[in-house]
Amino acid sequence: MLASGGDDLRKLPLSMRKASLAQILSRPTDGIFISTFEQGEIGPALFQHACKLRLEGIVSKRVDSWYRAGTSPLWLKVKNPDHPAMRRGENWNKARGVTAEH
């Protein structure tokens, strides 16, 4: 959550922004859920499970990180190499004659 009641929440840590969102969504809402924080050394197992589910990948975020637009070293995206989204880039390159060596 990036804003609430006109207040800019981007500089707050992810944990506080997520708590604010949980408070707003305290009643069950169809199609909307808040995932729990998974902490510890679960990254590899979580990624393997995401791949089994044929998901595009996972994003790991530090609970104390603030939001900033664009890429951030505090957020890590790990992509499933077998997901169709990864093949779009391969097809784009092939159509333009680009090979892995370039």
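What you see is a predicted model, and the numbers here were worked out from it, not measured in a lab.

The rules behind these values
Residues numbered from 1 in each chain as written. Predicted model: local features only at pLDDT ≥ 70, side-chain atom pairs only at ≥ 80, totals over all residues. Heavy atoms only, no water. Phe/Tyr/Trp six-rings, centres within 6.5 Å; stacked < 30°, edge-to-face > 60°. Lys NZ or Arg CZ within 6 Å of the ring centre and 35° of its normal. Helix = DSSP H or I, 4+ residues; strand = E, 2+ residues; numbered from the N terminus. Buried < 20%, exposed > 50% of the residue type's maximum accessible area, 1.4 Å probe, protein only. Contact = heavy atoms within 4.5 Å. Polar contact = N/O pair within 3.5 Å; in protein donor to acceptor, adjacent residues only side chain to side chain.

Draft legend 1. Seen up close, the packing of aromatic side chains. Counted according to the given criterion, the structure contains 1 aromatic pair. One residue, Lys11, lies across the ring of Trp66, its end atom 3.9 Å from the ring centre. The ring of Trp75 is capped by Lys61, whose NZ or CZ atom sits 4.1 Å from the centre of that ring.

Draft legend 2. Spotlight on the environment of His83. By secondary structure assignment, the location of His83 is in the loop between strand 4 (75-79) and helix 3 (84-95). Classification of His83 by relative accessible area gives buried; the value is 17%. With sequence-adjacent residues up to four places away left out, His83 is seen in contact with Arg54, Leu55 and Glu56. Here Ala85 takes part through its backbone nitrogen, which lies 3.0 Å from a polar atom of the side chain of His83.

Draft legend 3. Summary view of unusual backbone geometry. The backbone of Arg54 sits at a positive phi, close to 65°, despite the residue not being glycine. Mapped onto the elements of the fold, Arg54 is located in the loop between helix 2 (43-52) and strand 3 (57-61).

Draft legend 4. View of the environment of Ala50. Positionally, Ala50 belongs in helix 2. By relative accessible area, which is 5% here, Ala50 ends up buried. Residues Ala50 and Lys79, spaced 29 residues apart in sequence, show a C-alpha to C-alpha distance of 9.6 Å. Sequence-distant contacts of Ala50, defined by excluding residues within four places in its chain, comprise Leu55, Gly57 and Ile58.

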